[in-house]
Amino acid sequence: MLSVSRAATLIVGSECAELMSDVISRVERSLTVLLPTVDDVSALQREHARHHLVGNRAIASMSVAMRPPAVDPAEIAYLLFTSGSTGTPKGVMVSHASALSFLSAVWSRYRFDETDRFSQTFDLTFDLSVFDMFSCWGRGASLHCVPADQLVAPDDFVRDHALTVWFSVPSVGMMMRTLGRLTPNAFPSLRWSLFCGERLPGVVAAAWQQAAPASVVENLYGPTEATIACTQYRWHSESLGECVDGTVPIGEPYPAMAAAIVDEQLLRVPHGERGELCVKGPQVTHGYWGDSGRTHERYVAMPWYEGPDNRWYRTGDIAYVGASGSLIHCGRNDDQIKLRGFRIELPEVEHAIREAAETPFAVVLPYPRNANEIVGLTAVVSGTQHSEDEILDRAKLILPDYMLPGAVEFVDEMPLNSNGKIDKSALLKHLGDKYR
């Protein structure tokens, strides 16, 4: 039997009305079923006596009673736990106002309408799914869920459903490029192609632009604590020259948001210097559920800021303002490691290995370890024709000796987590199991 909440309402459209009898006959609890395409529900009501069926005529008379109740914008709309990639998962409290600020920004920027056909690629525990659902439904568009077994290569799905809006993590585009699926004009129906959740390689963005020539390609960035995405970068003809370490900039903040690059004392760094990226604005969330200590640590006031709403979120991401004025994402605080006295940025090493191996699928891990001390680096690579010696010899031309991985591990394909990102924890476990 289906499990449905006690006060559930089911709205049945014309395209699935014929399935309604089978569905509700398997529901144990009483439902209110709205049938806006059926005038006379008396026969159906006799067949399904435990449910309350409402036809088209009755719906019109119920319009006043069916108005949604007033909602306090400051109240929590949903509680979303982070993935825990940097520690214990934290419950982020997202208010109605924060979610609506994000949705208002994307509705204004992209001008979605009822003719649009959206992809849905994210697990519901990933905050990017909020974009898929509510930016779509809020404009009366249709949502098309990509089956899990097609997500690695969803090109047929895009064409079969004539999608106009695509949104996914960059790993999907990386895999499609490797498989040769991003052929010119492969996706003529797309008009928006959006990527978020991890760093977007410039070669993938360029290939996707050729595959969807009528589409605008954008790279979005944002931590869960700033409600889904809060900066945007639009791909253009000169974008490859603006990429840093092979990855696309994250652009500029949404109109209602602000960004600052600060040092460890929360003071702004000079233009062009690296520091921690902090963001403020209506999308910044309340904090962490049941954890005031972490909330006070990450949601802070800036000593130099004199404007209203001096409440910033410290993202833990390292960034700087590039020559073009766009924000450049350099990785996370915890992507910087210390090895034999040298400070090393892992994304810089990964870029060199990707170039040497001629594949977008390269991850550099702090492995092996001796107790709590990092004693070396290991590159994990897939989708390359080069040998370990070839990769390391070519990487030597880019990297100083102290940044060079000690070994290259080859895998048939990169493991992905439920959000479609490369699963570094699984790769570390793979290394540990193999060399135990």
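Before reading further, recall that the structure is shown in the block above.
Notes on the structure follow. (Residues numbered from 1 in each chain as written. Predicted model: local features only at pLDDT ≥ 70, side-chain atom pairs only at ≥ 80, totals over all residues. Heavy atoms only, no water.)

## What about the nonpolar core?
Heads up, the rule is: Within this scheme, the nonpolar core is defined by two criteria: the residues are buried Ala, Val, Leu, Ile, Met, Phe, Trp, Tyr or Cys, and they are joined through side-chain atoms within 4.5 Å. The rule is simple: take the accessible area with a 1.4 Å probe, protein chains only, and divide by the maximum for that residue type; under 20% is buried, over 50% is exposed, in between is partly exposed.
The biggest cluster of nonpolar side chains holds 78 residues, and the ones touching the most others in it are Phe131, Trp166, Phe187 and Trp208. Judged by nonpolar contacts, the second largest core, of 22 residues, contains Ile337, Val381, Ala395 and Leu404.

## Regarding the pattern of salt bridges
Counted only if it meets this: Whenever Lys or Arg places a side-chain nitrogen within 4 Å of a carboxyl oxygen from Asp or Glu, that contact is recorded as a salt bridge. Secondary structure elements follow DSSP: runs of H or I of four or more residues count as helices, runs of E of two or more count as strands, with numbering from the N terminus.
Within the structure shown, the criterion is met by 15 salt bridges. Note that glutamate 218 and arginine 234 form a salt bridge whose closest N and O atoms lie 2.6 Å from each other. Residue glutamate 218 is found in strand β10 (residues 216–221), and its partner arginine 234 is found in strand β11 (residues 231–234); the two are separated by 16 residues along the sequence. Through salt bridges with shared partners, a single network forms among Asp155, Asp156, Arg159 and Arg181.

## A look at the pairing of strand β5 (residues 91–95)
In plain terms, the rule: Should DSSP find at least two bridges between two strands, the strands are regarded as paired.
Within β5, five of the five residues are buried, leaving the element largely enclosed by the surrounding structure. With two bridges joining them, β5 and strand β15 (residues 287–288) adopt antiparallel strand pairing. Opposite methionine 93, over in β15, you have glycine 287 as the bridge partner.

## A word on the layout of surface pockets
As a reminder of what qualifies: The method works on a 1 Å grid over the protein atoms by themselves. A cavity is a set of points holding a 1.4 Å probe that cannot get out, a pocket is an open set with protein on both sides within 12 Å along at least five of seven lines, and residues with an atom within 4 Å of a point line them. Grid points are joined across faces, edges and corners, and a volume is the space filled by probe spheres set on the points. Basically, the charged four are Asp, Glu, Lys and Arg, the nonpolar ten are Ala, Val, Leu, Ile, Met, Phe, Trp, Tyr, Cys and Pro, and anything else, Gly included, counts as polar.
By volume, the second largest pocket is sized at about 290 Å³. Lining of the second largest pocket is provided by 14 residues; of these, Glu264, Gly275, Glu276, Ile318 and Asn333 occupy positions nearest its centre. Elements represented by at least two residues in the lining of the second largest pocket include exactly β14 (275–280) and β17 (312–321). In the lining of the second largest pocket, the residues fall into three nonpolar, three polar and eight charged.

## A few points about empty space enclosed by the protein
If you roll a probe as big as a water molecule over the atoms, it shows you where there is empty space left. Scanning the model with the defined rule gives one cavity of 30 Å³ or more in all. Quantified by volume, the largest cavity comes out at close to 40 Å³. Every residue along the wall of the largest cavity is listed here: Arg199, Val244, Asp245, Thr247, Arg274, Ile328, His329, Cys330 and Glu348. The leading source of residues in the lining of the largest cavity is strand β18 (residues 327–332), at three residues. Taken together, the residues of the lining of the largest cavity sort by class into three nonpolar, two polar and four charged.

## Points about the side chain of serine 215
Going by this rule: Here a residue-residue contact requires only that any non-hydrogen atoms of the pair lie within 4.5 Å.
Considering the arrangement of structural elements, one finds serine 215 in the loop between α8 (202–211) and β10. Using a relative accessible area of 5% as the deciding quantity, one classes serine 215 as buried. Non-local contacts of serine 215, meaning those with residues more than four positions away in its chain, are made with Leu190, Arg191, Trp192, Ser193 and Gln209.

## Looking at the packing of helix α4 (residues 96–110) against helix α5 (residues 128–137)
When two helices pack together, their arrangement is given by the angle between their axes and by how far apart the axes lie. Quick reminder of the rule: Lines fitted to C-alpha atoms define the axes here, with helix axes fitted over just the stretch in contact, and angles between the N-to-C directions of these axes take values from 0 to 180 degrees. The sense of a crossing depends on the near helix, which, turned anticlockwise from the far helix by less than a right angle, makes the crossing left-handed and, turned clockwise, makes it right-handed.
Between α4 and α5, whose axes approach to 10 Å, the crossing angle comes to 65 degrees. Judged by the twist between their axes, the crossing of α4 over α5 is right-handed. Contacts from Phe102, Leu103, Val106 and Trp107 of α4 reach α5 at Phe131, Phe134 and Ser135. In the contact of α4 with α5, the residues fall into six nonpolar, one polar and no charged.

## Points about the side chain of glutamate 218
We count it as follows: N or O atoms closer than or at 3.5 Å make up a polar contact, with two conditions inside protein: a donor-capable atom paired with an acceptor-capable one, and, for residues adjacent in sequence, both atoms drawn from side chains.
Residue classification places glutamate 218 among the buried positions, given a relative accessible area of 0%. A distance of 2.6 Å separates a polar atom in the side chain of glutamate 218 from a polar atom in the side chain of arginine 109. Only 2.6 Å separates the side chain of glutamate 218 from the side chain of arginine 234, close enough to count as a polar contact.

## Remarks on the packing of aromatic side chains
Condition: Put simply, two rings from Phe, Tyr or Trp (the six-membered ring, in Trp's case) pair if the centres are within 6.5 Å, and we call them stacked under 30 degrees between planes, edge-to-face over 60, tilted for the rest. Criterion for a charge above a ring: Lys NZ or Arg CZ within 6 Å of the ring centre, and within 35 degrees of the ring normal.
Inspection of every chain in the model, using the stated rule, returns 19 aromatic pairs. The interplanar angle of 50 degrees and the centroid separation of 6.3 Å between the aromatic rings of phenylalanine 118 and phenylalanine 131 together place this pair among those described as tilted. Of this pair, phenylalanine 118 sits in strand β6 (residues 117–120) while phenylalanine 131 sits in helix α5; the two residues are 13 residues apart in sequence, bridging distant segments of the chain. The two residues phenylalanine 118 and phenylalanine 131 agree in class, both being buried. A ring pair is formed by tyrosine 305 and tryptophan 312, whose centres lie 5.5 Å apart and whose planes are at 80 degrees; its orientation type is edge-to-face. Three or more aromatic residues link up through ring pairs in this structure, and these residues are Phe102, Tyr110, Phe112, Phe118, Phe122, Phe126, Phe131, Phe167, Trp192 and Tyr254. Sitting over the face of the ring of tryptophan 107, arginine 139 holds its NZ or CZ atom 4.1 Å from the ring centroid.

## Here we look at the environment of arginine 298
Here arginine 298 shows up in helix α10 (residues 292–298). Overall, arginine 298 belongs to the buried group, its relative accessible area being 17%. The spatial distance from the C-alpha of arginine 298 to the C-alpha of glycine 287 is 8.4 Å, given a sequence separation of 11 residues. Those residues in contact with arginine 298 that sit more than four places away from it in its chain are Glu276, Tyr288, Trp312, Tyr313, Arg314, Thr315 and Gly316. Within the structure, arginine 298 has its side chain in polar contact with the side chain of glutamate 276 (distance 3.0 Å).

Purely geometric numbers; function is a separate question.
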